[in-house]
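What follows is each chain in one-letter form.
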Amino acid sequence: MKTVLEVMLVCIALLPLYSSAQQTAVKAAPFQPVPELPYRVVPNFFKLPKGAIAGEASAVAVNSKGHIFLFQRTKPMLAEYDAQGNFIQSIGDGLFSHPHGLRIDADDNLWTTDDGSHLVLKLDPSGNVLLVLGRVNTGAEANWLFNKPADVAFAKNGDIYVADGYGNSRVVKFDRDGDFIKAWGKYGTGIGEFNLPHSVAVDNQGRVYVGDRENQRIQIFDAEGKFIQQWTDIGYPYGLSITPDQHVWMVDGGYDRIVELDQNGKILGAFGEPGHKPGQFAWAHFMAMGPDQTIYVADVLNWRFQAFSRVAPTGSMTRYVPSVRMFWGSVPSVGWTSQQTAIPFK
């Protein structure tokens, strides 16, 4: 009798875990059609070098010459292409473990975040290391360490902001020389708290925009980390970019679309949808906009970088309206292998 009772108690304890595992897609808040942004995919834009291996595409950035830099989780991990998509060179070979974010500053220096090695690196255009923030393979919370940093941004005066997002839940601020100034945030859902600060950007007034990804909001702070406001009901902010008109472009990697927001957080339009065909996304991650307004998107699960050229406005509303979060969740595998734990493999 005691054995039966013990078994029943174990089963009851496991029920919440099993129920949670069954949630293979997350339902969205009610969305409405919005104006379709006038962008169309350019098939096969990037001409990969001979011997290149496909892999997860993590981030993309554009420098002052219009050259495009691709950051991916395969070799070459960091590569430069010209404005026509022709390969120029690989950069920083051997420096990276698990590429995540990539930014380019006003001097065309490249800044990388690596959530595998817990590092933020500043490189010159040739790939020489100019600044190291963090310590390689050391994930922790300190004024000199990160735990899986996700993104980096800079203010006009050179101050540096790091979204220390996966292992920690904070934004860390440094001066232009890499000296620690302050940090703010902790794990949670309240104001000034984060559930994966995945992206960070700074506008021309010095306000800091944080893509609070799993809280499905963008939180906005002043330069000292004082909360100003938040934008909700926008989707999942995987990547943020601020264009010269101070509009915020958001890569919604949960619903796999690109969204343009005005200075008040109003959605002006969107394009894209989940899928594997050209122009569709599976975990759209980060984006960059070129001087001709071409948009480049790192498309993680499709192992590709896509280019979208601006076309004449259609005047149409989006056909795709988010309803569920795709490519998310799983259930335990139950097959022959999972049932053979007591039988050694031969």
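Reading the values: rules and limits
- Residues numbered from 1 in each chain as written.
- Predicted model: local features only at pLDDT ≥ 70, side-chain atom pairs only at ≥ 80, totals over all residues.
- Heavy atoms only, no water.
- Helix = DSSP H or I, 4+ residues; strand = E, 2+ residues; numbered from the N terminus.
- Buried < 20%, exposed > 50% of the residue type's maximum accessible area, 1.4 Å probe, protein only.
- Areas by Shrake-Rupley, 256 points an atom, 1.4 Å probe, with all protein chains shown as cover.
- Pairing = 2+ DSSP bridges.
- Phe/Tyr/Trp six-rings, centres within 6.5 Å; stacked < 30°, edge-to-face > 60°.
- Lys NZ or Arg CZ within 6 Å of the ring centre and 35° of its normal.
- 1 Å grid on protein atoms, 1.4 Å probe; cavity = no way out; pocket = protein on both sides within 12 Å on 5 of 7 lines; lining within 4 Å.
- Points joined across faces, edges and corners; volume = space filled by probe spheres on them.
- Nonpolar A, V, L, I, M, F, W, Y, C, P; charged D, E, K, R; others polar.
- Axes fitted to C-alpha atoms, helices over the stretch in contact; angles between N-to-C directions.
- Patch = residues over 30% accessible without salt bridge, like charges linked within 9 Å, V, L, I, M, F, W, Y side chains within 5 Å.
- Salt bridge = Lys/Arg side-chain N within 4 Å of Asp/Glu carboxyl O.
- Contact = heavy atoms within 4.5 Å.

Here we come to the overall build of the chain. When its secondary structure is counted, the chain shows one helix and 26 strands. When the 346 residues of the chain are sorted by exposure, 51% land in the buried category. In the structure as shown, the chain presents an accessible area of about 16800 Å², 54% of it carried by carbon and sulfur atoms.

This paragraph deals with the pairing of strand β18 (residues 227-232). Bridging between strand β17 (residues 217-221) and β18 involves five bridges; their strand directions are antiparallel. Counted as the bridge partner of Arg-217 is Thr-232 from β18. Hairpin connection, β17 to β18: the antiparallel pair is bridged by five residues, and Gly-225 has positive phi, about 90 degrees.

Take the pairing of strand β25 (residues 304-310) next. Of all seven residues that make up β25, five are buried, and the element is covered over most of its length. Bridge count for strand β24 (residues 295-299) against β25 is five bridges, and the pairing is antiparallel. Bridging across to β25, Asp-299 finds its partner in Arg-304.

Turning our eyes to something else, we now look at the packing of aromatic side chains. Scanning the model with the defined rule gives 21 aromatic pairs in all. Each ring, one from Phe-194 and one from Phe-221, has its centre 5.9 Å from the other, and the planes form 65 degrees; the classification is edge-to-face. Of this pair, Phe-194 sits in the loop between β14 (180-184) and β15 (197-202) while Phe-221 is found in strand β17, placing the two residues 27 residues apart along the sequence. As far as burial versus exposure is concerned, Phe-194 and Phe-221 are alike and both buried. For Lys-47, the ring lying beneath its charged end belongs to Phe-45, and the centroid distance is 5.5 Å. We note Arg-325 situated over the ring of Trp-328; from NZ or CZ to the ring centre the distance is 3.6 Å.

Once that is clear, we can look at empty space enclosed by the protein. For the structure shown, the criterion picks out one cavity of 30 Å³ or more. Its boundaries defined by the atoms lining it, the largest cavity holds a volume of some 40 Å³. For the largest cavity, the full set of lining residues is Val-34, Arg-257, Ala-270, Gly-272, Thr-318 and Tyr-320. Looking at the lining of the largest cavity, its residues break down into three nonpolar, two polar and one charged.

Attention now goes to the sheet that holds strand β23 (residues 284-289). An order of β2-β25-β24-β23 is seen for the four strands of this open sheet, with the pairing classed as antiparallel. A single partner strand is all that each edge strand has here, and the edge strands are β2 (39-42) and β23. Within this sheet the neighbouring strands show an average axis-to-axis angle of 30 degrees, counted without direction. Inspection of the sheet shows β23 paired to β24 by four bridges, in the antiparallel sense. Bridge pairing links Ala-288 to Tyr-296 in β24.

A word on a nonpolar patch on the surface. Together, Leu-95, Val-129 and Val-132 line one region of the surface with nonpolar side chains, adding up to about 210 Å² of accessible area. Mapped onto the elements, Val-129 comes out in strand β10 (residues 129-133). Looking at Val-129, the relative accessible area reads 40%, which means it is partly exposed.

Position of Asp-159 among the secondary structure elements: in the loop between β11 (151-154) and β12 (160-164). Through-space distance from the C-alpha of Asp-159 to that of Phe-180 is 10.0 Å; in sequence the pair is 21 residues apart. Excluding residues that lie within four positions of it along the chain, Asp-159 makes contacts with Ala-153, Phe-154, Lys-173, Phe-174, Asp-175, Arg-176 and Ile-181.

Turning to the sheet that holds β11, a few remarks are in order. Strand pairing in a sheet takes place through backbone hydrogen bonds and is either antiparallel or parallel in direction. What the four strands build is an open sheet, ordered β11-β12-β13-β14; its pairing is antiparallel. Whereas interior strands pair on both sides, the edge strands pair on one side only; in this sheet they are β11 and β14. Taking each pair of neighbouring strands and ignoring which way they run, the sheet shows an average axis angle of 20 degrees. As paired strands, β11 and β12 are joined by four bridges and run antiparallel to one another. Opposite Ala-153, over in β12, you have Tyr-161 as the bridge partner.

Looking at where Asp-82 falls in the secondary structure, it is placed in the loop between β5 (78-81) and β6 (87-90). Overall, the relative accessible area of 17% leaves Asp-82 in the buried class. Along the primary structure Asp-82 and Lys-65 are separated by 17 residues, whereas in three dimensions their C-alpha atoms are 8.5 Å apart. Each residue touching Asp-82, except ones within four places of it in the same chain, is listed here: His-67, Ile-68 and Ile-88.

Our next topic: the layout of surface pockets. Of the pockets and cavities examined, the largest pocket occupies roughly 1200 Å³. Looking at the lining of the largest pocket, the elements that each hand over two or more residues are β3 (57-62), β7 (99-104), β11, β15, β19 (237-242) and β23. Residues of the lining of the largest pocket, tallied by class, amount to 22 nonpolar, eleven polar and eight charged.

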